[in-house]
Amino acid sequence: MAETSECEETPVRAGTRDAVSSLRVPVLGLVVPAAVWLWVASILALLGSLKLVDPRFLGTWGWLTFGRISPAAFLSFVYGFGIPMGLCAVLWAVTKGGRLPLPGGRWFLASSFLWNLGLWSGITGVLAGESRSLSWLGLPTFSLPSLGMAYLLSAGWLVAVLVRRWEESSLASRFLLLGLVWIPWAGGAAALWLHDPSVRGVAIGSLEWWFNDGLLYAGLGAFALGAMHLLLPGFLGRPASFAGLGRWAFWAWVLFANLAGMAHLVGGPFPLWMVSTGVSSRFLLWAAAVAIGLGFWAAARGAPAEGKQWDPGWHFLRFGMGSFLVAAGLGAVLVLPAWSRYVHYTVLEEAQLTLFLYGFLGMTFFALLYTILPRVLGRSWPSVGLAKAHFLLSSYGISFLAGLLAVGGLFQGVALDNAEVPIHEVILSLLPFLRSAAAPAMALLAAHAVFGLHLLWLLVESGANRREGEKAALPGVAMEGARTP
Amino acid sequence: MTEPKRLLLGILLATGAGWSLLVWMPLTKLGPAGPGGAPFGRAAVGGRIYAANGCASCHTQVVRPANLGSDIARGWGARRTTPPEYREEHIVPLGVLRLGPDLANVGERRTDVRWYYRLLYDPRTIFPGSLMPSYRYLYARVPLLGTPLPDALPLAGRAALAPGFQVVPRPEARALVAYLLSLQRVPPAEADQSQ
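Not measured: the values here are computed from a predicted model. (Residues numbered from 1 in each chain as written. Chains lettered and ligands numbered in written order. Predicted model: local features only at pLDDT ≥ 70, side-chain atom pairs only at ≥ 80, totals over all residues. Heavy atoms only, no water.)

## Structural notes on the overall build of chain A
Within chain A, the regular secondary structure consists of 15 helices and zero strands. In terms of C-alpha radius of gyration, chain A reaches 22 Å, essentially the compact-globule figure of 23 Å for 485 residues. By principal-axis analysis of the C-alpha atoms, chain A measures approximately 75 × 45 × 45 Å. In chain A, which comprises 485 residues, the proportion classed as buried is 62%. Carbon and sulfur atoms provide 69% of the accessible area of chain A, an area that totals close to 17,500 Å². The positive charge centre, built from 29 side chains, and the negative charge centre, built from 23, are 6 Å apart in chain A. (Helix = DSSP H or I, 4+ residues; strand = E, 2+ residues; numbered from the N terminus. Rg over C-alpha atoms; globule rule 2.2 N^0.38 Å. Buried < 20%, exposed > 50% of the residue type's maximum accessible area, 1.4 Å probe, protein only. Areas by Shrake-Rupley, 256 points an atom, 1.4 Å probe, with all protein chains shown as cover. Lys, Arg positive; Asp, Glu negative; His and termini not counted. Charge placed at Lys NZ, Arg CZ, Asp CG, Glu CD.)

## Re helix α3 (residues 66-94) of chain A
All names here are of chain A. The terminal C-alpha atoms of α3, which comprises 29 residues, lie 41 Å apart, in line with the 42 Å expected from a rise of 1.5 Å per residue. At glycine 82, α3 shows its strongest bend, of approximately 25°, with the proline proline 84 following within four residues. Taken across its 29 residues, α3 has 27 buried, putting it largely inside the fold. (Expected span 1.5 Å × (residues − 1). Bend = angle between axes of the 7 residues up to and from the residue.)

## A short note on the interface of chain B and chain A
The interface of chain B with chain A comprises 70 residues on the first partner and 85 residues on the second. Applying the counting criterion to the chain B and chain A interface returns one salt bridge. In this structure, glutamate 3 of chain B and arginine 174 of chain A form a salt bridge, with 3.1 Å as the shortest nitrogen-oxygen distance. Taken together, the links from chain B to chain A amount to 21 residue pairs in polar contact (both at pLDDT 80 or more). (Contact = heavy atoms within 4.5 Å. Salt bridge = Lys/Arg side-chain N within 4 Å of Asp/Glu carboxyl O. Polar contact = N/O pair within 3.5 Å; in protein donor to acceptor, adjacent residues only side chain to side chain.)

## Regarding the packing of helix α6 (residues 171-194) of chain A against helix α7 (residues 202-236) of chain A
Residues and elements named next belong to chain A. α7 packs onto α6 with a crossing angle of 160° between their chain directions and a minimal axis gap of 8 Å. When the interaxial angle is binned, α6 and α7 end up roughly antiparallel. The two elements α6 and α7 cross, and the hand of that crossing is left-handed. Residue composition of the contact of α6 with α7, grouped by class: 22 nonpolar, six polar and no charged. (Axes fitted to C-alpha atoms, helices over the stretch in contact; angles between N-to-C directions. Parallel < 35°, antiparallel > 145°, perpendicular 65-115°, else oblique. Left-handed = near helix turned anticlockwise from the far one by under 90°. Nonpolar A, V, L, I, M, F, W, Y, C, P; charged D, E, K, R; others polar.)

## Structural notes on the confidence of the model for chain B
Residue and element names in this part refer to chain B. Averaged over every residue, the pLDDT of chain B is 87; residues scoring 70 or more account for 91%. Of all helices and strands in chain B, the one with the weakest mean pLDDT is helix α7 (residues 188-194) (57), whereas helix α6 (residues 171-182) scores best (95). For this predicted complex, the interface score ipTM comes out at 0.91, alongside a pTM of 0.92. (pLDDT = per-residue confidence, 0-100.)

So this is what it looks like as structure tokens:
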């Protein structure tokens, strides 16, 4: 694995073990609940897709109606898995990969507790019918104070440490900083305004989409891009190429992520200048994505060929970057009026979202976990087979899911555009795709189950390992990443 | 200024730019208020039921202009929807996906309350094989005393109940239908003329 090679560059020094073990509690406080949320999200998503196979599935119980479980699935993935993983990446960055101690680790535990409390109440609220149906702003009001406090508790701290230990001209720190501050600024503003009765009318629609695209691109997307830049030197021994281009892309990202949301409203009740700002922003985001991708692939090409061991982190990261480029491209092309006419409001847009969420964010965050957990726990992943199974199941699952939805969306769009075809027949032409999509959804659930088991195994092993280590009290027992059979 | 400070300022300014263009401008600049003011009473409650049950996962409430889709040709509205028609609403479910017809003007083309009650109770009695879920949890099964209540659903065949019972819409279903009936988006100018 790549860790072994990095070990040689940074030999285990006295004090490093303390630094790494100060990360153990906060990282596990983020990762373990996130793994649970990943399960919740995949189970809800699978139930949702089964409901489209047969709407009578699971009867007519209000809690599990399609319109509630499908937003609940997306919300649990984004807020339960995505944001904690972003914070994990920041933790890794501010401790310079476990080399510096982390002050105030206990605060993270408190924050993680509050966050999960808020989220459980929020998702339960969505299922109980308390949502205002505002996409990523759809969590009910009563869950917001707890979520907000939790985020401020950890993010405020992290921003302070990140700035104190700032690394000049590091792209990773820039993107992570963007994610850290965009979410509370925008989320706080949006939540306050939505609860102001004088805010009404179409502004609610544009507010919703400003936040949706912002959260995906400037929030979670920035976290994932930060994680990518953070991990790259570990895999390749060098940072992403074209640093100047990367800095330019960063600023483009900051600005246009805030304007891209309007692209969703093509044809909607908004003046042309707003919609065209959105469409052009999506294109400029795509350009920035290509610039980032160039830096990534150029660095990867010059890297030494892969060692004999299969490295899960690198595979996940590569898949993540591939999905990122495709998703950003689709995000731009699909909103062009010539295309939007056909594909707007079809499942092709869901395909793009799937690629972005599961393909880009999910896979990049898995790359992060596969890389940092062995070092934090002082124990390498127990089974290459399980890691491979996780990778294969999720990469095929995501590709087929996105592929089926994309082709189905084209059929749906062409049929919708022809006013002679009644809506019932439009849906009939789409149904085979929706029904087959249940299979990749199941593969994704299996992938996440495999990951959960693997994580559990790692935790159990590392717990045993730690007790032994404490008994023996030998320095350097927890050799990073070195698997002793 | 140090690098992190510059970054923080830049991010704040960019977020503010997005905010003022996408939230503040539409709020203050987009058109005069529509006729009739905000939905109130049952229809307003119904809007919340519409949102809470995720009808927007399958239905939109936007009529696009003729060059951007078949919305008008399908009879979902006589013209594209404009900002003033949403001016007073607190629930603006423009929607994300069209697995069903657009509902921006559904109150204009479907006007029979009972039709809606039957649709929401079991969409497949109206559209056989439809993908729309049934919303039976918005209804109550109550004992039948004497003649059926005026709103009782006419259930026959497999859906028929044991004798001595009837199915009536709960307040949630009534509110939701009131909301659906209120969905008739007319631009202000035209509404003035018709008065």
